[in-house]
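Examination of the molecular architecture
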Number of protein chains: 2
Amino acid sequence: MEKLLLILGQLMPLSTELREDLIAKIFIRKVKKGVILISEGKICHQLFFIKKGFLRGFHYQNGKEITSWFGFENDFATSTHSFFSQKTGYENVEVIEDSILYGITYEDLNKVYYRHPEFNYVGRLLTEKYYLDVLERTLCLQFQTAKQSYEQLIATHPQILKRAYLGHIASYLGISQETLSRIRAKK
Amino acid sequence: MEKLLLILGQLMPLSTELREDLIAKIFIRKVKKGVILISEGKICHQLFFIKKGFLRGFHYQNGKEITSWFGFENDFATSTHSFFSQKTGYENVEVIEDSILYGITYEDLNKVYYRHPEFNYVGRLLTEKYYLDVLERTLCLQFQTAKQSYEQLIATHPQILKRAYLGHIASYLGISQETLSRIRAKK
DNA sequence: GCGTTTATTTGACTTTTGTCAAAAGTTCTA
DNA sequence: TAGAACTTTTGACAAAAGTCAAATAAACGC
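Now for a quick tour of the structure. (Residues numbered from 1 in each chain as written. Chains lettered and ligands numbered in written order. Predicted model: local features only at pLDDT ≥ 70, side-chain atom pairs only at ≥ 80, totals over all residues. Heavy atoms only, no water.)

Overview of the overall build of chain A
Here is the rule: Strands here are runs of E lasting at least two residues and helices are runs of H or I lasting at least four, both read from the DSSP assignment and numbered beginning at the N terminus. It is over C-alpha atoms that the radius of gyration is taken, and the globule rule equals 2.2 Å times the number of residues to the power 0.38. Each residue gets one of three labels from its accessible area relative to the maximum for its type: buried under 20%, exposed over 50%, partly exposed in between, using a 1.4 Å probe on protein chains only. Methods summary: accessible areas were calculated by the Shrake-Rupley approach with a probe of 1.4 Å, and residue burial reflects only the protein chains presented. His residues and chain termini do not enter the charge count, which takes Lys and Arg as positive and Asp and Glu as negative. Charged groups are reduced to one reference atom each: NZ for lysine, CZ for arginine, CG for aspartic acid, CD for glutamic acid.
Looking only at helices and strands, one finds nine helices and six strands in chain A. For 187 residues, the compact-globule formula gives about 16 Å, and the C-alpha radius of gyration of chain A, at 18 Å, lands near that figure. If you line up chain A on its principal axes, its C-alpha atoms span 55 × 30 × 25 Å. Counting the 187 residues in chain A, one finds 51% classified as buried. With an accessible surface of roughly 9100 Å², chain A has 53% of that area assigned to carbon and sulfur atoms. Counting 25 positive and 20 negative side-chain charges, chain A places the averaged centre of each group 6 Å from the other.

Right, here's the structure in full:
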């Protein structure tokens with residue numbers, strides 16, 4: 001849990017009480033490859049921090065699986081829409097490699113925010129960071145050829161290429177697996 | 001300015017000092033149609049709240065203008081990437097209809113956050129809201145036909161259809177203006 | 001109200017990407 | 001280590017969307 005506290009502590013010095021409160025609320029969860037951590041149609045109650053492993057978020061559209069994000073070591077992961085709004089979500093979260101996660105429930109997290117208002121600063125900064133990540137992704141999806149999207153992915157997220165299935169990467173880029181395979185072959 | 005304070009106040013009761021601090025820092029700016037409020041290649045120092053009017057954000061890709069967002073009355077608007085990171089940005093912000101804006105500088109906003117740590121709660125909630133907006137957009141762009149994207153836009157953001165140029169809407173949806181025009185004609 | 005400028009639509013054609021099906025290559029496990 | 005299960009590649013063809021150019025249509029200034 002030290003690593004997580006370190007990351008949070010780099011954003012803002014954590015008081016002893018805040019540290020203790022966090023430690024008391026955070027639980028550890030080990031999950032095997034293939035497990036669906038969070039399912040669509042349900043309310044997502046947990047936010048996870050990936051200590052080790054590899055996750056992805058996906059949903060269905062026109063009957064097909066579409067990957068919306070990949071999460072690696074030191075990333076936070078949840079079904080964002082459902083977690084933030086505490087409404088039922090459309091997103092599934094799948095464990096792609098055996099993983100060790102730290103988790104906190106929505107309720108407990110809000111207790112921490114309530115007891116330590118200054119912790120909202122950390123929450124705001126992290127939200128801003130993830131916001132910028134999605135923004136970058138939107139740009140990437142909006143008006144590029146399949147090849148440009150792929151090349152940008154190689155440049156910005158090489159580890160996705162190394163660890164994810166081709167089909168997952170393709171849907172993440174908004175193209176078909178066959179097209180991605182052909183782009184790759186040509187290089 | 002009452003409307004803005006009302007919106008913030010709905011997220012969290014604002015203490016008198018916080019209210020006064022905000023009022024002291026926020027400036028009013030009236031801008032005419034066609035003005036470029038924020039230019040690419042510069043650091044964006046202001047966050048705006050749209051009291052009245054209509055803005056859009058856009059950038060260039062492969063030599064073409066691509067609209068990344070539209071902002072209406074009661075929306076917040078800025079060159080998000082540049083404002084959050086305080087680095088030079090790629091985004092331009094254009095005034096599409098004569099507008100009245102409330103603005104605050106990055107520096108002043110952070111002074112407010114610093115003096116009133118609990119105000120980070122408001123910042124966090126608003127960031128979460130805009131984060132969800134972009135997420136929804138990503139889903140829309142990722143794997144839909146041009147027609148589906150258009151229909152979803154009609155359903156979720158009818159006022160964009162009414163007030164924005166077709167070319168801007170098309171690039172916002174990630175399709176060419178001609179394609180959008182044809183989709184429209186068929187209905 | 002008229003002409004100019006700007007925005008939208010339409011047509012013909014090209015390019016890109018998707019789809020379906022089958023083959024080849026990998027990985028895992030019993 | 002052989003076979004099953006899964007993943008990626010390849011081929012042939014179809015569909016969707018882009019491009020360029022020209023014609024309308026709408027908005028704006030004088």
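There's plenty left to go through after this.
Considering the protein's contact with DNA strand C
The condition is simple: The criterion for a residue being near a molecule or strand is simple. One of its heavy atoms has to lie within 4 Å of it. Any N or O atom pair separated by 3.5 Å or less is treated as a polar contact, with the protein-specific requirement of one donor-capable and one acceptor-capable atom, and with residues adjacent in sequence counted only for side-chain atom pairs. Each residue gets one of three labels, nonpolar for Ala, Val, Leu, Ile, Met, Phe, Trp, Tyr, Cys and Pro, charged for Asp, Glu, Lys and Arg, and polar for the others, Gly among them.
Around DNA strand C sit 18 residues in total, of which Lys 64, Ala 146 and Thr 179 of chain A together with Leu 166 and Arg 182 of chain B are the nearest. Within 4 Å of the protein, the atoms of DNA strand C are drawn from sugar and phosphate moieties in a proportion of 57%. In this structure, Lys 64 of chain A approaches DNA strand C through a side-chain N or O atom, which is 3.0 Å from a phosphate oxygen. Measuring from a phosphate oxygen of DNA strand C, one finds a backbone N or O atom of Ala 146 of chain A at 2.7 Å. For the surface near DNA strand C, the secondary structure elements donating two or more residues are helix H9 (177-186) of chain A together with helix H8 (166-173) and helix H9 (177-186) of chain B. Per element, the largest residue contribution to the surface near DNA strand C is six residues, and it comes from H9 of chain B. For the surface near DNA strand C, the residue count by class is five nonpolar, seven polar and six charged.

Points about the side chain of Glu 128 of chain B
Inclusion rule: Every residue pair with non-hydrogen atoms within 4.5 Å of one another is taken to be in contact.
Position of Glu 128 of chain B relative to the elements: it lies in helix H5 (residues 119-142). The contacts of Glu 128 of chain B, once residues within four sequence positions are left out, are Phe 84 and Thr 127 of chain A.

Side note on helix H6 (residues 146-156) of chain B
One turn of an α-helix holds 3.6 residues; hence residues three or four places apart share an orientation. Let me state the cut-off plainly: It is the directions from the helix axis to the C-beta atoms whose arc is reported.
Three or more residues of H6 of chain B are buried, namely Ser 149, Tyr 150 and Leu 153 of chain B. Projected down its long axis, H6 of chain B shows its buried positions confined to an angular sector of 95 degrees, all on one face.

With respect to the interface of chain B and chain A
Applicable threshold: Buried area counts how much accessible surface, traced with a 1.4 Å probe, disappears from two parts once they are put together, with both parts' losses summed. Just to be clear on terms, a salt bridge is a Lys or Arg side-chain nitrogen sitting within 4 Å of an Asp or Glu carboxyl oxygen.
Of the residues lining the interface, 39 residues belong to chain B; the matching set on chain A comes to 39 residues. Of the roughly 3500 Å² buried at the junction of chain B and chain A (both faces included), carbon and sulfur atoms supply 65%. It is Tyr 131, Gln 142 and Phe 143 of chain B that lose the most area in chain B upon contact with chain A, and together they represent 21% of the buried surface on that side. Across the contact surface, chain B and chain A share zero salt bridges. Across the contact surface, chain B and chain A share twelve residue pairs in polar contact (both at pLDDT 80 or more). Of all the secondary structure elements, the ones that give two or more residues to the side of chain B that touches chain A are strand S3 (46-61), strand S4 (64-71), helix H3 (80-85), helix H4 (106-115), H5 and H8 of chain B. Looking at the side of chain B that touches chain A element by element, the count peaks at 16 residues for H5 of chain B. Each residue belonging to the side of chain B that touches chain A can be placed in one class, and the counts come to 17 nonpolar, 18 polar and four charged.

The quantities given are spatial measurements derived from coordinates; they are silent on function.
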